[in-house]
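So you can see what is in the structure, the chains are spelled out below.
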Amino acid sequence: MPRGLRTRRGRIFPRRRVVFVGGEGPSERAFARFLQQCCTEVALNVHLRSWEGSGGDSLSVVRDMSRYLKRQQFAAEVETKVVLLDEDRIDEDYRNGRDARAYARQSGIGIVLQTPNLEGVLLRLHPNNEQRVVSAHEAERELKRIWPSYRKPPSSTQLSSRFSLADLRRAAKHDPELRQLLTTIGLIRVDR
């Protein structure tokens, strides 16, 4: 029998692809849920399972996510696993002997770097800010200048009322990590 779900009338629908998106905390989980809303809008046959860690350095986040997945029954259905990490921390962690990249490779988890952090990504989702380069220290302040009501952590509802898939795609033209994430999910198609 073909893989998928059967309805009462006998139609078979393909199973949704399952992509697991983890991150340091509630902000990244809200961003993953916003991405799911974008998938639903365009009827993309994908389900994003999201997870939020309890903070810490980048290696701790990856280790916690790997441990979490090993305990979950749904893990066998997961096609792709990615973790959102702040770019400003991963190199510092590596210099301090915490190699999140190596551990992620061993665990089959892809890393998507948020440059310099999620606030920097959200800043670049605003029109005419796609190429803005700010430090981690400036990112939240600059984001609040453009979006005065922004509060950390944002909710997926706040994100979806502020941004659209068009904003994501526009910013992804200038952000290779975001482009890779959207491609992995299927929100950007690779021309063949």
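Located above this text is the structure these notes cover.
What you are looking at is a predicted structure, and each value in this text was computed from that prediction instead of being measured.

## Examining the environment of V19
Relative to the helices and strands, V19 is located in strand β3 (residues 17–23). The class for V19 is buried, based on a relative accessible area of 0%. Measuring from C-alpha to C-alpha, the distance between V19 and V78 comes to 5.7 Å, with 59 residues separating the pair along the chain. Ignoring any residue separated from it by four or fewer positions in sequence, one finds V19 in contact with V46, H47, L48, R49 and T80.

## Overview of the side chain of R124
Note that R124 resides in helix α5 (residues 118–124). Every residue in contact with R124, bar those within four places of it in the chain, is listed here: T115, P116, N129, E130, R132, A171 and D175.

## A look at the pattern of salt bridges
Using the criterion set out here, one finds 14 salt bridges in the structure. Across the salt bridge formed by E119 and K152, the nearest N and O atoms sit 3.6 Å from each other. Pair noted here: E119 is in helix α5 and K152 is in the loop between α6 (136–146) and α7 (156–162), with a separation of 33 residues, a long-range link. Of the charged contacts, one joins D175 and R124 as a salt bridge, the two residues approaching to 3.0 Å between their closest N and O atoms. Residue D175 is found in the loop between α8 (165–172) and α9 (176–185), and its partner R124 is found in helix α5; the two are separated by 51 residues along the sequence. Taking relative accessible area as the criterion, R124 reaches 7% and is therefore assigned buried. Among the ionic contacts, a cluster of salt bridges with common partners joins D57, D93 and R98.

Conventions and cut-offs
Residues numbered from 1 in each chain as written. Predicted model: local features only at pLDDT ≥ 70, side-chain atom pairs only at ≥ 80, totals over all residues. Heavy atoms only, no water. Helix = DSSP H or I, 4+ residues; strand = E, 2+ residues; numbered from the N terminus. Buried < 20%, exposed > 50% of the residue type's maximum accessible area, 1.4 Å probe, protein only. Contact = heavy atoms within 4.5 Å. Salt bridge = Lys/Arg side-chain N within 4 Å of Asp/Glu carboxyl O.

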